[in-house]
Amino acid sequence: MFKNMIVYRIAPQWQVELTQVEEALAKMPFLECGATQEKSLGWVPPRGDAHGPLAESVGGQWILRFMVESKVLPGSVLARRVKEKAERIEQETGRKPGKKESKELKDEAKLDLLPMAFTKQGSMWVWIDTASRLLVLDTSAQGRADEVVTLLVESLPGLSVSLIHTATSPQAAMSHWLATQEPPVGFTVDRECELKSADEAKAVVRYARHPLDIEEVQAHIAAGKLPTKLALTWDDRVSFMLTEGLQIKKVSFLDTVFEGTKADDGGFDTDVAIATGELVKLIPDLIEALGGEAESGVASAAQAMAAGAAPASAPSAPARQAAGGGMVTGPKEAPVDTDPESAPF
């Protein structure tokens, strides 16, 4: 649970009960793809029980689970079916299909093949911490996160969220930590990182299972290479990979987290309690290590809405106005989608 994280700040004016969230999600339950349906998405019971609640609360932390199913239709198979249809038309009429007709043939071929296509499923954990006003998605792919956040904003009236934006960029902070060999208080630098040059060559240097407190790493930093990924450990309890876009990847809970628990203490409630209990402390410490949280669009928008006036300035891009008045905003510069294929769907 929560092996990767993209973290959003929830605007303070959003105040709802868990029952309201449950009612909203119930309008979009996950259903498997129909015979000719390419993709299906929706919410499933996070506990895994059939017909169970779509929103669970464990220790005051709300947990949701988003599911996607898609049909796997290889391009080569589709192209072959389109070619067969085109050749049949040419044999019967003596002419080759035009551009418009070829497009129609492709649509027909897809409908023919979809009922026979394999399906693949993927899910994403969603965590809402109302006390800390955090929305956390279990993915490192910004595009997948945007899809889920948009659905949440459309489903939950008044919800406004913003990607966490820190005063110091993760890339600048990671460069400083590696150059000075002085990680922030409570953190240690581990044995993995990626450095990339900013020039046209885009040269990349990767270290894996290798000490980073060496002159070679400092020389790369001095030469202008910038960190895009850096492995860190927080408080000897949680290890993770920080990216230049403030995605948190490869989250791993260390043995100290499980001290005092029994071998048979597993299960949904225990997993949620352990994960959220650690991460709700790690996230603010990481934000503080990056210079604290910079002002985001949701705060000013919330104040303006409370005053009954429009915000003094437009929220920072990207931004969307969603059904129910909610707004999704982001930092001044969209974070880099470092690994779009790493998410489960």
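The rules behind each value
Residues numbered from 1 in each chain as written. Predicted model: local features only at pLDDT ≥ 70, side-chain atom pairs only at ≥ 80, totals over all residues. Heavy atoms only, no water. Helix = DSSP H or I, 4+ residues; strand = E, 2+ residues; numbered from the N terminus. Polar contact = N/O pair within 3.5 Å; in protein donor to acceptor, adjacent residues only side chain to side chain. Buried < 20%, exposed > 50% of the residue type's maximum accessible area, 1.4 Å probe, protein only. Contact = heavy atoms within 4.5 Å. Axes fitted to C-alpha atoms, helices over the stretch in contact; angles between N-to-C directions. Parallel < 35°, antiparallel > 145°, perpendicular 65-115°, else oblique. Left-handed = near helix turned anticlockwise from the far one by under 90°. Nonpolar A, V, L, I, M, F, W, Y, C, P; charged D, E, K, R; others polar. Patch = residues over 30% accessible without salt bridge, like charges linked within 9 Å, V, L, I, M, F, W, Y side chains within 5 Å. Areas by Shrake-Rupley, 256 points an atom, 1.4 Å probe, with all protein chains shown as cover. Salt bridge = Lys/Arg side-chain N within 4 Å of Asp/Glu carboxyl O. Lys, Arg positive; Asp, Glu negative; His and termini not counted. Charge placed at Lys NZ, Arg CZ, Asp CG, Glu CD. 1 Å grid on protein atoms, 1.4 Å probe; cavity = no way out; pocket = protein on both sides within 12 Å on 5 of 7 lines; lining within 4 Å. Points joined across faces, edges and corners; volume = space filled by probe spheres on them. Core = buried A, V, L, I, M, F, W, Y, C linked by side-chain atoms within 4.5 Å. pLDDT = per-residue confidence, 0-100.

1. Some details on the side chain of Ser160
Alright, step 1. Within the secondary structure, Ser160 sits in the loop between helix H4 (142–155) and strand S7 (161–163).
Alright, step 2. In this structure the side chain of Ser160 is engaged in a polar contact, spanning 3.4 Å, whose partner is the side chain of Gln13.

2. Things to note about the environment of Phe118
Alright, step 1. With respect to the helices, strands and loops of the structure, Phe118 is situated in strand S5 (residues 118–129).
Alright, step 2. Residue Phe118 is classed as exposed on the basis of its relative accessible area, which comes to 68%.
Alright, step 3. Other than its neighbours up to four places away in sequence, Phe118 contacts Ser70, Lys71 and Val72.

3. Some words on the packing of helix H2 (residues 75–93) against helix H3 (residues 99–113)
Alright, step 1. Two elements in contact, H2 and H3, have axes separated by 9 Å at closest approach and are oriented at 125°. Of the possible angle classes, the one that applies to H2 and H3 is oblique. Judged by the sense of rotation from one axis to the other, the crossing of H2 with H3 is right-handed. From H2, Val77, Leu78, Arg81, Val82, Lys85, Ala86 and Ile89 reach across to H3, where they touch Glu101, Leu105, Lys106, Glu108, Ala109, Lys110, Asp112 and Leu113.
Alright, step 2. Grouping the amino acids of the contact of H2 with H3 by side-chain chemistry returns eight nonpolar, no polar and seven charged.

4. Let's talk about a negative patch on the surface
Alright, step 1. Judged by side-chain charge, Asp235, Asp236, Asp285 and Glu288 come together as a negatively charged surface patch.
Alright, step 2. Position of Asp236 among the secondary structure elements: in the loop between strand S10 (226–234) and strand S11 (238–243).

5. Observations concerning empty space enclosed by the protein
Alright, step 1. Using the criterion set out here, one finds one cavity of 30 Å³ or more in the structure.
Alright, step 2. Around the largest cavity sit Val7, Ile164, Thr166, Leu246, Ile248, Ile283, Leu286, Ile287 and Leu290, which together line it.
Alright, step 3. Per-element tally for the lining of the largest cavity: the top contributor is helix H7 (residues 268–289), with three residues.
Alright, step 4. By residue class, the composition of the lining of the largest cavity is eight nonpolar, one polar and no charged.

6. Some thoughts on the pattern of salt bridges
Alright, step 1. Across all of its chains, the model carries 14 salt bridges by this definition.
Alright, step 2. With a closest N to O distance of 2.7 Å, Arg9 and Glu293 form a salt bridge. Placement of Arg9 in strand S1 (residues 6–10) and of Glu293 in the loop between H7 and helix H8 (297–307) is noted, with a sequence separation of 284 residues between them.
Alright, step 3. Of the residues examined, Glu293 reaches a relative accessible area of 33% and is grouped as partly exposed.
Alright, step 4. Here Glu38 ties to Lys110 by a salt bridge, and the two come within 3.7 Å at their closest N and O atoms. Within this pair, whereas Glu38 is found in the loop between helix H1 (18–25) and strand S2 (39–44), its partner Lys110 is found in helix H3, the two being separated by 72 residues in sequence.
Alright, step 5. According to the relative accessible area criterion, Glu38 is partly exposed, its value standing at 42%.
Alright, step 6. Through salt bridges with shared partners, one network takes in Arg81, Glu84, Lys85, Glu108 and Asp112.

7. Quick look at the nonpolar core
One broad rule of soluble globular proteins: the nonpolar side chains tend to lie buried together.
Alright, step 1. The biggest cluster of nonpolar side chains holds 43 residues, and the ones touching the most others in it are Phe2 and Phe240.
Alright, step 2. Ranked by the residues each element gives to this core, the list is headed by H7, at nine residues.
Alright, step 3. For Phe2, the contacting residues outside a window of four places in its chain are Ile63, Trp125, Val126, Trp127, Val136, Asp138, Val251, Ala275 and Leu279.
Alright, step 4. If you look at the next biggest cluster of nonpolar residues, it comprises 29 residues, including Leu54, Met124, Leu135 and Val153.

8. A few points about the confidence of the model for the chain
Predicted coordinates in regions of low pLDDT should not be interpreted in detail.
Alright, step 1. Across the chain, the average pLDDT comes to 86, with 84% of residues at 70 or higher.
Alright, step 2. Within the chain, the lowest mean pLDDT, 42, falls on strand S13 (residues 320–321), and the highest, 98, falls on S11.
Alright, step 3. pLDDT under 50 marks residues 340–345. Its contacts with residues more than four places away, or in other chains, come to 18 contacts.

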